Amino acid sequence: MTALAVGGGTPVRTTSFPSWPVYDADDEKALLDVLHSGRWFLADRVEEFERVFAAYQDAQYGVSISSGTTALQVALEALGVGAGDEVIVPSYTFVATASAVATVGSVPVFVDVDPETYNIDPASVEAAVTESTRAVIAVHLAGQPADLDALGKLTAKRGIALIEDSAQAHGAAWKGRKVGAVGDLGTFSFQASKNLNAGEGGFITTDDEELANRAWSLHNCGRAREGAWYEHPLVGANYRITEFQAGLLLNQILRLDDQMATRSLNGELLTSLLSQIDGVEPLRVDPRVTRHAYHLYVIRYDADSFGGAPRDRFIEALEAEGIPCSSGYRPLYGEPAFAASFRDYPFETAYFDGKPDYARFSCPVTERICADEAVWLTQNLLLGTEQDTRDIAAAISKIREHAGQLK
Ligand SMILES: *Cc1c(COP(=O)(O)O)cnc(C)c1O
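Residues numbered from 1 in each chain as written. Predicted model: local features only at pLDDT ≥ 70, side-chain atom pairs only at ≥ 80, totals over all residues. Heavy atoms only, no water.

1. Remarks on the site of the ligand
Our working rule: Put simply, a residue is near a molecule or strand once any heavy atom of it comes within 4 Å of that molecule or strand. In the analysis that follows, any N or O atom pair within 3.5 Å is treated as a polar contact, provided that within protein one partner can donate a hydrogen and the other can accept it, and provided that, for residues neighboring in sequence, both atoms belong to side chains. Only the protein chains shown count as cover for residues, with accessible areas throughout obtained via the Shrake-Rupley method and a probe of 1.4 Å. The secondary structure listing takes helices from DSSP runs of H or I that are at least 4 residues long and strands from runs of E that are at least 2 residues long, numbered from the N terminus. The residue classification treats Ala, Val, Leu, Ile, Met, Phe, Trp, Tyr, Cys and Pro as nonpolar and Asp, Glu, Lys and Arg as charged. All others, Gly included, are polar.
Not every one of the 15 residues close to the ligand is listed here, only the nearest: Gly68, Thr69, Asp165, Ser189 and Lys194. Taking Ser189, its side chain carries an N or O atom lying 2.6 Å from an oxygen atom of the ligand. Coverage of the ligand by the protein amounts to 92% of the 380 Å² it exposes when considered alone. Those elements that place two or more of their residues in the shell around the ligand are α3 (68-78) and α4 (96-103). Broken down by class, the residue content of the shell around the ligand amounts to four nonpolar, nine polar and two charged.

Here's what the structure looks like:
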């Protein structure tokens, strides 16, 4: 009898998947060139990278910044969103999407996500808009653009801003256009796990020159682009990146299209292999998504097809077979951070008809996803060979056939 590896059997796979980050002698040279130039900040490479990456994302303007988190903060500040304002965010995302809202003094209002794509649900957004709402942050989760048609239409109609949190979606496209400047502003991360990275870093994209100038000023001590060095029209912070990061990113971006093509090929192959196995459904890809960034490959696990074995037991079994995976986020509104930081909030807002109260949030789709359903594979698993991808499906298939052993 074939035994599952979790019970002591032979794993499907004992070799590792491609490691991340990817680098070679050209990256070394890029870093050493900056070192030997003696110009380690705000010289040519930061500006060049701003031009290159803005153009790559089909945006007119780009500002490099220290992280995806500070990109969100500065995007909100550039829009003038602050104390007493509400910002609608999905409940299924990385904490920064919501914590950036709190950092600028605004109140994150959590809404549920679509059960098939895990992206923010436009109908839930519409229902949560109040007279205090100033912006919506759509997250392109796992690298799949959110429904930018519906969100663009409803934010325009209500006169509120749309920010695209594209930290997981470098190069992704909606109806032929790259994400980032479809909404008013887009934000990116170059943190080590992201599909384009320099260890840390971030970016803001926009087609609005005034917003671009405000964002640039806010990330650079409140300076004016054309002003004197010690002239400060705004109160800003120092969220600049170094020339080392820009130099590395200028080289890393040369690999991005090839890496995206490999991820797409393997991602689509995995989807077709999984369609032959009951109980493991990939996230649905909206047909209007013309390029998926596959930052994550998310599987929707159905315990009933695995003899009732809980999702976390399936993850244990899949890891034992040699496929690294994880369960992902928790419902964000349940994090103690939000209840604690808004307990003594000095403003009342319309959504709460009073002071913010995080005990009131309940997003049933998010709760089910987090507790029982989501299984994450990270992007580097899709950077391997066709056989690597077939191993993932083979391991899942083996677990499904011998689900009785999961008890
Ligand atoms: C990674 C991430 C961020 C934050 O980016 P950092 O560079 O780590 O600050 C924000 N939003 C989402 C959806 C992310 O995945």
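Okay, back to it.
2. Observations concerning the sheet that holds strand β13 (residues 374-378)
Defined as follows: Between any two strands, at least two bridges found by DSSP are needed for them to pair. Working convention: axes come from line fits to C-alpha atoms, limited for helices to the stretch in contact. Angles between N-to-C directions cover 0 to 180 degrees. In what follows, a contact means two residues having at least one pair of non-hydrogen atoms within 4.5 Å.
One open sheet holds the three strands; their spatial order is β10-β12-β13, and the pairing between them is antiparallel. Only two strands of the sheet have a single partner each, and these edge strands are β10 (280-282) and β13. Pairwise comparison of adjacent strand axes, ignoring direction, gives a mean angle of 30° for this sheet. Direction of pairing for β10 relative to strand β12 (residues 296-301): antiparallel, over a ladder of three bridges. Looking at β12, one finds that Pro282 is bridged to Ile299. Strands β10, β12 and β13 of the sheet are contacted by helix α9 (residues 311-320), whose axis makes an angle of about 30° with β13.

3. What about the packing of helix α8 (residues 243-274) against helix α12 (residues 386-401)?
For any two helices packed against each other, one specifies the inter-axial angle together with the distance between the axes. Stated precisely, the cut-off is as follows: To sort the angles, those under 35 degrees are grouped as roughly parallel, those over 145 as roughly antiparallel, those from 65 to 115 as roughly perpendicular, and the leftovers as oblique. Crossings are classed by handedness, with left-handed meaning an anticlockwise turn of the near helix from the far one by less than a right angle and right-handed meaning a clockwise turn.
For the pair α8 and α12, the least separation of the axes is 10 Å and the interaxial angle reads 30°. Put simply, α8 runs roughly parallel to α12. In terms of crossing hand, the pair formed by α8 and α12 is right-handed. Residue-level contacts link Asn266, Leu269, Leu270, Leu273 and Leu274 of α8 to Glu386, Thr389, Arg390, Ile392, Ala393 and Ile396 of α12. The residue inventory of the contact of α8 with α12, partitioned by class, reads seven nonpolar, two polar and two charged.

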